[in-house]
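What the coordinates show
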Amino acid sequence: MSSPCRASAVLVVFMALIVNAGAEQLKERSCDVIGDESSESQVERALLEKLEPLSQIRFNVTVEKSKTENYVYHFRVCREVNSTSHDFGGLVQTDRQNGKITVIGRINETQVFNGSDWIMLIYKGGDSYGTHCSGEKRRAAIMISCKRGVTASSFSIISEEREKEQDCFYLFEMDSSVACPAEDSHLSVGSILLITFASLIAVYIIGGFLYQRLVVGAKGMEQFPHFAFWQDLGNLVADGCDFVCRSKPRTAPAAYRGVGDDQLGEESEERDDHLLPM
């Protein structure tokens, strides 16, 4: 291989390595459940997949406790708040006084569990408390409550427990439909029977129509399956309704009788009796 070709090949390989390295950096890291990969809880993995629709949303909340304590909390679900820093920070605190950034919890130390209508997401491995809580690492607990029709809302901080000797934590809450249980879509027995009956009727009518038209060669109303039978049945039903719903016998005399010729004749005779002879 000549020197120019060799140099070109080396350049192509070098550019490919740069592109791959850039792609790896651009790819955001997701939650890593605490424990070895071989022993990770399948329930936790399933819950993290359920929370995936929230991963592209950034949440912020400002808290002003006093003139010296004024913070902004930044939170992402299973993603780093600042992917360029590569610190795995899933929940970060920024001091508005001096701009100091403190990682409250990291996504590479994640725990998650749930109840009937809530999911609790916990980030551990945050920055040290220093003088509080025996200098242990911070951790954040985010309670995600069910609220149908809402992707995510109402992110807020509830409390910060830092007066204990250990197991201190930050507690946040938010609402989301991803924490809601699946709605039951079971049909009742009556609905199933009704659907089955309607399906059978449709198959009978369509299949019978096609048979009468294509095989028998019927035209007009005779294309309807068993047309003569249904016609006779309709006549019988009509006769039955007429018999049951009839309010009086057909042989009963009318309640009102008009003026007949016999009445006119009798009245004329009575009037003649009163006439004076001429």
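Residues numbered from 1 in each chain as written. Predicted model: local features only at pLDDT ≥ 70, side-chain atom pairs only at ≥ 80, totals over all residues. Heavy atoms only, no water.

Observations concerning the side chain of Glu69
What counts, and what does not: Numbering of helices and strands runs from the N terminus, with a helix taken as a DSSP run of H or I at least four residues long and a strand as a DSSP run of E at least two residues long. Type-normalised accessible area, obtained with a 1.4 Å probe on protein chains alone, sets the label of each residue: buried when under 20%, exposed when over 50%, and partly exposed for intermediate values. The term polar contact refers here to a pair of N or O atoms within 3.5 Å; inside protein, the definition further demands a hydrogen-donor-capable atom paired with an acceptor-capable atom, and it admits residues adjacent in sequence only when both atoms are side-chain atoms. Pairs of residues are marked as contacts when any of their non-hydrogen atoms sit within 4.5 Å.
Along the polypeptide, Glu69 turns up in the loop between strand 1 (58–64) and strand 2 (70–76). Since its relative accessible area comes to 18%, Glu69 is described here as buried. Only 3.0 Å separates the side chain of Glu69 from the side chain of Arg162, close enough to count as a polar contact. Not counting chain neighbours up to four residues away, the residues in contact with Glu69 comprise Val63, Glu64 and Arg162.

Overview of the UniProt feature "transmembrane region" (unreviewed entry) in the chain
Note the following rule: UniProt positions are given in the numbering used here, feature names are shortened, and annotations may be inferred rather than shown by experiment.
The sites that carry the UniProt feature "transmembrane region" (unreviewed entry) are, in the present numbering, residues 187–211. Helix makes up 92% of residues 187–211 and strand 0%, whereas the separation of the span's terminal C-alpha atoms amounts to 34 Å.

A word on the pattern of salt bridges
So the rule is basically this: Salt bridges are counted wherever a side-chain nitrogen of Lys or Arg sits within 4 Å of a carboxyl oxygen of Asp or Glu.
Following the criterion strictly, the structure yields six salt bridges and no others. The shortest N-O distance in the salt bridge between Arg79 and Glu52 comes to 2.6 Å. Residue Arg79 is located in the loop between strand 2 and strand 3 (89–95), and its partner Glu52 is located in the loop between helix 2 (42–50) and strand 1; the two are separated by 27 residues in the primary sequence. For Glu52, a relative accessible area of 34% corresponds to the partly exposed category. A salt bridge links Arg162 to Glu69; the shortest N-O distance between them is 3.0 Å.

Here's the deal with unusual backbone geometry
Positive phi values are uncommon outside glycine, yet His86 reaches one of about 55°. Structurally, His86 can be placed in the loop between strand 2 and strand 3. The phi dihedral of Ser134 is positive, around 60°, even though this residue is not glycine. With relative accessibility at 60%, the residue Ser134 sits in the exposed group.

As for the environment of Tyr73
Structurally, Tyr73 is set in strand 2. Looking at Tyr73, the relative accessible area reads 0%, which means it is buried. For the pair Tyr73 and Val61, spaced twelve residues apart in sequence, the C-alpha separation works out to 5.3 Å. In this view, Tyr73 contacts Phe59, Asn60, Val61, Val63, Leu91, Val92, Gln93, Ile104, Ile157, Glu160, Tyr170 and Phe172; residues no more than four positions away in its chain are not counted. One polar contact links Tyr73 to Gln93, side chain to side chain, over a distance of 2.8 Å.

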